[in-house]
Amino acid sequence: MSATRATGATSAVRAARAARATGTGTGTRTGPRDTPWLDDSAGRVMRPYTATSGRTRPDVALDLLSLVSATGVRPRTALGPEHSHVLRLCAAAAAPSVAEVAAQLRLPAVVTKVLLGDLMRYGAVTARAPRFLNDPADDLTLLRAVLDGLRRRL
Amino acid sequence: MDCADVCEAGPGTRPLPAPEGRGAQGPGPDRSAPPPATLKILVAGGFGAGKTTFVGAVSEIEPLCTEELLTGLSEADDPLEGVESKTATTVALDFGRITLDSRHVLYLFGTPGQQRFWFLWEELCAGALGAVVLADTRRLADCFPAVDFFERRGIGFVLAVNEFDGGHRYTADEVREAVGLAPEVPVVRCDARLASSGTRALAALVHHLLTTARHPRSGGPT
Ligand SMILES: Nc1nc2c(ncn2[C@@H]2O[C@H](COP(=O)(O)OP(=O)(O)O)[C@@H](O)[C@H]2O)c(=O)[nH]1
Ligand SMILES: [Mg+2]
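Residues numbered from 1 in each chain as written. Chains lettered and ligands numbered in written order. Predicted model: local features only at pLDDT ≥ 70, side-chain atom pairs only at ≥ 80, totals over all residues. Heavy atoms only, no water.

Draft legend 1. Representation of the overall build of chain B in the model. Looking only at helices and strands, chain B has six helices and seven strands in total. Sequence-ordered secondary structure for chain B, helices as α and strands as β, is α-β-α-β-β-β-α-β-α-β-α-β-α. Counting every position in chain B, which comprises 222 residues, the buried fraction comes to 51%. Across chain B, the fraction of contacts at a sequence separation of at least 24, relative to all contacts at a separation of at least 6, is 70%. Split by element, the accessible area of chain B, about 9,900 Å² in all, is 54% carbon and sulfur. (Helix = DSSP H or I, 4+ residues; strand = E, 2+ residues; numbered from the N terminus. Buried < 20%, exposed > 50% of the residue type's maximum accessible area, 1.4 Å probe, protein only. Contact = heavy atoms within 4.5 Å. Areas by Shrake-Rupley, 256 points an atom, 1.4 Å probe, with all protein chains shown as cover.)

Draft legend 2. Representation of the packing of aromatic side chains in the model. Residues and elements named next belong to chain B. In total, this model carries six aromatic pairs over all chains according to the counting rule given. Relative to Phe-149, the ring of Trp-121 lies with its centre 4.6 Å away and its plane at 75°, an arrangement referred to as edge-to-face. Residue Trp-121 is located in helix α3 (residues 118-125), and its partner Phe-149 is located in helix α4 (residues 144-153); the two are separated by 28 residues in the primary sequence. Note on accessibility: Trp-121 and Phe-149 belong to one class, buried. (Phe/Tyr/Trp six-rings, centres within 6.5 Å; stacked < 30°, edge-to-face > 60°.)

Draft legend 3. Layout of the packing of helix α3 (residues 98-105) of chain A against helix α4 (residues 109-121) of chain A. All names here are of chain A. One can describe the packing of α3 onto α4 by two numbers: an axis separation of 9 Å at closest approach and a directional angle of 105°. By the angle between their directions, the pair α3 and α4 is classed as roughly perpendicular. Contacts between α3 and α4 involve Val-98, Val-101, Ala-102 and Leu-105 on the former and, on the latter, Ala-109, Thr-112, Lys-113, Leu-115 and Leu-116. (Axes fitted to C-alpha atoms, helices over the stretch in contact; angles between N-to-C directions. Parallel < 35°, antiparallel > 145°, perpendicular 65-115°, else oblique.)

Draft legend 4. Spotlight on unusual backbone geometry. The backbone of Arg-106 of chain A sits at a positive phi, close to 60°, despite the residue not being glycine. Its location among the elements puts Arg-106 of chain A in the loop between α3 and α4.

Draft legend 5. View of the side chain of Asp-118 of chain A. Residues and elements named next belong to chain A. With respect to the secondary-structure elements, Asp-118 resides in helix α4. The buried category is assigned to Asp-118, whose relative accessible area is 3%. Side chain to side chain, Asp-118 and Arg-55 meet in a polar contact 2.9 Å long. Polar side-chain contacts of Asp-118 include one of 2.8 Å to the side chain of His-83. (Polar contact = N/O pair within 3.5 Å; in protein donor to acceptor, adjacent residues only side chain to side chain.)

Draft legend 6. Layout of the site of ligand 1. Residue and element names in this part refer to chain B. For ligand 1, the set of nearby residues contains 15 residues, the closest of which are Gly-48, Lys-51, Thr-52, Thr-53 and Asn-162. Within the backbone of Lys-51, one N or O atom sits 2.8 Å away from an oxygen atom of ligand 1. One nitrogen or oxygen atom from the main chain of Ala-192 is found 3.1 Å from an oxygen atom belonging to ligand 1. Relative to its unbound accessible area of 570 Å², ligand 1 is 72% covered by the protein chains. No other element matches the three residues that helix α2 (residues 51-58) contributes to the shell around ligand 1. A class-by-class count of the residues in the shell around ligand 1 yields four nonpolar, six polar and five charged. (Near = heavy atom within 4 Å. Nonpolar A, V, L, I, M, F, W, Y, C, P; charged D, E, K, R; others polar.)

Draft legend 7. Inspection of α3 of chain A at higher detail. Taking burial as the measure, the eight residues of α3 of chain A include seven buried ones, the bulk of the element. Looking only at α3 of chain A, the buried set comprises Val-98, Ala-99, Glu-100, Val-101, Ala-102, Ala-103 and Leu-105 of chain A.

Draft legend 8. Highlighting helix α5 (residues 140-152) of chain A. All names here are of chain A. Here α5 spans 18 Å end to end across 13 residues, near enough to the 18 Å set by a 1.5 Å rise per residue. For α5, every residue scored as buried is listed here: Leu-140, Leu-142, Leu-143, Ala-145, Val-146, Leu-147, Gly-149 and Leu-150. Of the residues flanking the start of α5, the one acting as N-cap is Asp-139, its side-chain oxygen 3.3 Å from the backbone nitrogen of Thr-141. (Expected span 1.5 Å × (residues − 1).)

Draft legend 9. Spatial organisation of the pattern of salt bridges. Taken as a whole and judged by the stated rule, the model has 15 salt bridges over all chains. Residue Asp-101 of chain B is joined to Arg-152 of chain A by a salt bridge in which the shortest nitrogen-to-oxygen separation is 3.8 Å. Taken together, the residues Asp-101 of chain B in strand β3 (residues 88-101) and Arg-152 of chain A in helix α5 connect one chain to another. With a shortest N-O distance of 3.0 Å, Arg-169 of chain B and Glu-163 of chain B are connected by a salt bridge. Residues participating in the shared-partner salt-bridge network are Arg-55, Asp-59, Asp-118 and Arg-121 of chain A. (Salt bridge = Lys/Arg side-chain N within 4 Å of Asp/Glu carboxyl O.)

Honestly, it's all geometry; don't read function into it.
And the structure:
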């Protein structure tokens, strides 16, 4: 039975992949899981963002892995609770990434970036962009170091 | 990192460093050292394939969930639409971190596999080492979008078969055949609940990248 099923799956798979490769499909599978626009893989529904006065476009370029740290400069304007929370997180000994700050705040990353952008304009926070390698997968020395590091954990 | 402690600073304590602290011995990392490369691996797969479990098991920090907005982004090409007033749906990203040694920190992002989330993948793929695609043998087709995505972009990946209890145990070759994987793509078994198993899948990915590097650069020390 398993053999038949595997074969059946194989042709279904090929058809699906061919359709996707040629763009003839609509991009949506016909399986039951993908039918509704909102399924379980989408997250919660948020209320409007009072913290950012509804802004969802950061005015600074921040990567999810940019490291943000407090400069020690106190903003002249009084900060709301979310801005204050962000600033406290940025004051940690090890600069957190934008993704970590967003997770701690329980706010979407883009909203967190708006808050961070405000704090950067006040001079209260600086960001350090991640240093991505152009072709990290072709850097053998780096890959060996990563592999060694992973194996040490086993 | 326990921010609650910082928030509850009592009277007389300073919740934030004084302004003079800037430049002198301000908080944050030493800026004179060249920043180490930021390393990132994506964990992809369909809903329920075990992405959250995998990232949580291998991560050294509490599994974190970062969210990104779904609505609003579709309207991004309207320049007048800078303000989002409606309720917005979010999409969750699992986020984890593994400190390999003093110079190498690996970040993990668990990303939902459906094509409608690909706008997220574009940012996540920038500078990524590669990907682990989780496959649940009961719903093998759910991993196809992720496989297609990485194949097309030439991003190295391994297929980690997450064998759930009660799922049929296929051989690696059966899975390879069903998914139509190129012969060099490793297929590994994985129990996403076990840190050791997840770490082995990550190691299999990096080993795969080592053997398939196209323009090997083994230059100086990283
Ligand atoms: N038996 C078994 N269950 C698993 C495994 N990985 C995940 N699960 C369970 O499967 C369910 C879905 O996993 P989850 O990580 O949330 O999937 P995600 O949607 O890809 O993030 C959870 O209840 C997990 O506990 C596994 O390797 N074996
Ligand atoms: Mg999940």
